[in-house]
Amino acid sequence: MLDKEYEMRDFVKEYEGQADHFNMSAEVSYVEDESIVELEAIKAKLREVAKDDEETEMISDAELLQSIQAKLRATNQKRVKGMKYEIILFDNDNEPLEIGVFEIEEIDLLLGT
Amino acid sequence: MQKIKTFCENYITDEFNCNVAKYDYNVTNREYEILEEKVYSYFDDSMSKGYGRAGAIDKKDDIYLKLSNKKIKNTRKRILFQIKEFEDPTLGDALKRIVKGNLIYRADMSYELQTPSEFSKFSRGYYIADTDSGLKIIYFKRFDIKNGVWEHQHDWKPSQVLEDGNLIEVEKLQAPIEPNSLKEYNKD
């Protein structure tokens, strides 16, 4: 997520001195079926961040599912599936200069998207 | 070093084709997905996916059509300035599990879009390493032109290249024009 924000910042910075203002829109997509939890995708991500194999194996499917379900019960927030940002840069005559479309699709480790 | 150079040149070409197609109304979403997957194949799976079309061509009003054409016209192949080979880098815990061996390479490249400012300047330093799936981009840094320093791709240390390690070899391919980039280019 932060990486994509830096990318958008760099895009705008490239037009420093040329662009006067910009419009940015953001679209959020949500998980449609709250009961679906992609355990394998989450475990694959955990394997990347765990210090060693032993640490990864310490978490069983049942424990992981229990932890995710507890987090889901504790919040009313919808589970985010992805984000799309659109930035249009304008010059000081309000003429459009350039467009950038940026997409984020990430596994939500906390809520189990 | 030659295989790293070839890897980079192929990535630059495939990324360019993908970036142009992203805003091309003649390219279907399915056709775009094939180009997108090809670009993703250069990256390790742990890297975030950033080439999605995200409905870039869904709108067809006048401004959007004009900007899409402009975007295609301004899209460029990145310039490959130099490749550095490092030994014994310091990697975050997550990267340690991905990289095989003790060598990593950094390929310094330009931005992928022609903008009003100088194009021949450093933008990204892609870190490439041998992994279980072959050569992959495992990380990148952005070059801060104003201050002449590299900044991390993100703030999450386990997935960072913390220290480049000992410099073994540099292959110079093209000198950048922008002064701070040129200073960095001439450093080693």
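Because the structure is a prediction, the values reported are computed rather than measured.

A description of the sheet that holds strand 5 (residues 134-144) of chain B should follow, citing residues and the corresponding values.
One open sheet accounts for six strands, arranged 6-5-4-3-1-8 (chain B); its pairing is antiparallel. The outermost strands of the open sheet, each flanked by one partner alone, are strand 6 (149-152) and strand 8 (166-172) of chain B. Ignoring strand direction, the axes of neighbouring strands in this sheet form an average angle of 30°. Sheet contacts for helix 1 (residues 2-13) of chain A: strand 4 (124-131), strand 5 and strand 6 of chain B; angle to strand 5 of chain B, the most-contacted strand, approximately 50°.

Hey, could you go over a nonpolar patch on the surface for me, with residue numbers and the actual values?
Residues Val 28, Tyr 30 and Val 80 of chain A make up a contiguous nonpolar surface patch of roughly 210 Å² in combined accessible area. Considering the arrangement of structural elements, one finds Val 80 of chain A in strand 2 (residues 80-90).

I'd like a description of the pairing of strand 6 of chain B, backed by residues and values.
Residues and elements named next belong to chain B. As paired elements, strand 5 and strand 6 share four bridges and run antiparallel to each other. When the sheet's bridge partners are listed, Asp 144 is paired in strand 6 with Val 149. The hairpin formed by strand 5 and strand 6 contains four residues between the paired strands, and Gly 148 there has a positive phi angle of roughly 65°.

So what's going on with the interface of chain A and chain B? Residues and values would help.
You'll often see interface size given as the accessible area lost when the parts meet. Across the boundary between the two partners, chain A contributes 32 residues, which contact 39 residues of chain B. Buried area between chain A and chain B, both sides added, is near 3,000 Å², and the carbon and sulfur share of it is 47%. The tally of links between chain A and chain B comes to six salt bridges. Between Glu 7 of chain A and Arg 124 of chain B there is a salt bridge whose closest N-O contact spans 3.7 Å.

Pulling in residues and values, what's your account of the confidence of the model for chain B?
The pLDDT averaged across chain B works out to 93; a share of 99% of its residues lies at or above 70. Scored as a complex, the prediction yields pTM 0.87 and ipTM 0.81.

So what about helix 1 of chain A? Which residues, and what values?
Helix length check: helix 1 of chain A, at 12 residues, gives a terminal C-alpha distance of 16 Å against a target of 16 Å (1.5 Å per residue), a fit within 8%. Within the sequence span of helix 1 of chain A, burial applies to Asp 3, Lys 4, Tyr 6, Glu 7, Met 8, Asp 10 and Phe 11 of chain A. Close packing links the buried residues of helix 1 of chain A with strand 2 and strand 3 (96-104) of chain A together with helix 3 (62-74), strand 4, strand 5 and strand 6 of chain B.

Before we move on, could you go through the packing of helix 1 (residues 2-22) of chain B against helix 2 (residues 29-40) of chain B and cite the residues and values that matter?
Helix-helix packing is described using two parameters, namely the angle between the two axes and the distance between the axes. Residue and element names in this part refer to chain B. Put simply, helix 1 and helix 2 touch, their axes get as near as 9 Å, and they point 150° apart. Relative to helix 2, helix 1 is oriented roughly antiparallel. The way helix 1 lies across helix 2 gives a crossing that is left-handed. Side by side, helix 1 and helix 2 meet where Tyr 11, Asp 14, Glu 15, Asn 17, Cys 18, Ala 21 and Lys 22 of the first sit next to Tyr 32, Leu 35, Glu 36, Lys 38 and Val 39 of the second. Class assignment of the residues belonging to the contact of helix 1 with helix 2 gives a composition of six nonpolar, one polar and five charged.

Could you give an account of the domain arrangement of chain B, with specific residues and numbers?
Residues and elements named next belong to chain B. Here chain B is described as being made up of domain 1 (2-74) and domain 2 (80-186). With 18 residues of domain 1 at the interface, the matching set in domain 2 holds 21 residues. In this assembly, domain 1 packs against domain 2 so that about 1,800 Å² is buried in total across both faces, 70% of it on carbon and sulfur atoms. There are zero salt bridges connecting domain 1 and domain 2. Summed over the shared surface of domain 1 and domain 2, the result is five residue pairs in polar contact (both at pLDDT 80 or more). Breaking the side of domain 1 that touches domain 2 down by element, the ones donating at least two residues are helix 1 and helix 3. Take the side of domain 1 that touches domain 2: its biggest share by element is nine residues, from helix 1. Residue composition of the side of domain 1 that touches domain 2, grouped by class: nine nonpolar, four polar and five charged.

Go over the pattern of salt bridges with me, naming the residues and quoting the values.
Oppositely charged side chains can pair when the atoms bearing their charge come close. Tallied over the entire structure, the rule returns 20 salt bridges over all chains. Where Arg 9 of chain A meets Asp 10 of chain A, a salt bridge forms, and the shortest distance between an N and an O atom there is 3.1 Å. Note on Arg 9 of chain A: relative accessible area 28%, which makes it partly exposed. Glu 15 of chain B is paired through a salt bridge with Arg 78 of chain B; the nearest N and O atoms lie 2.9 Å apart. Residue Glu 15 of chain B is located in helix 1, and its partner Arg 78 of chain B is located in the loop between helix 3 and strand 1 (80-87); the two are separated by 63 residues in the primary sequence. There is no split in this pair, since Glu 15 of chain B and Arg 78 of chain B are both buried. Through salt bridges with shared partners, a single ionic network connects Arg 106, Asp 108, Lys 141, Asp 164, Glu 184 and Lys 187 of chain B.

Quick notes on the rules
Residues numbered from 1 in each chain as written. Chains lettered and ligands numbered in written order. Predicted model: local features only at pLDDT ≥ 70, side-chain atom pairs only at ≥ 80, totals over all residues. Heavy atoms only, no water. Pairing = 2+ DSSP bridges. Helix = DSSP H or I, 4+ residues; strand = E, 2+ residues; numbered from the N terminus. Axes fitted to C-alpha atoms, helices over the stretch in contact; angles between N-to-C directions. Contact = heavy atoms within 4.5 Å. Patch = residues over 30% accessible without salt bridge, like charges linked within 9 Å, V, L, I, M, F, W, Y side chains within 5 Å. Areas by Shrake-Rupley, 256 points an atom, 1.4 Å probe, with all protein chains shown as cover. Salt bridge = Lys/Arg side-chain N within 4 Å of Asp/Glu carboxyl O. Buried area = accessible area lost by both parts, 1.4 Å probe. pLDDT = per-residue confidence, 0-100. Expected span 1.5 Å × (residues − 1). Buried < 20%, exposed > 50% of the residue type's maximum accessible area, 1.4 Å probe, protein only. Parallel < 35°, antiparallel > 145°, perpendicular 65-115°, else oblique. Left-handed = near helix turned anticlockwise from the far one by under 90°. Nonpolar A, V, L, I, M, F, W, Y, C, P; charged D, E, K, R; others polar. Domains from an automatic or database assignment. Polar contact = N/O pair within 3.5 Å; in protein donor to acceptor, adjacent residues only side chain to side chain.

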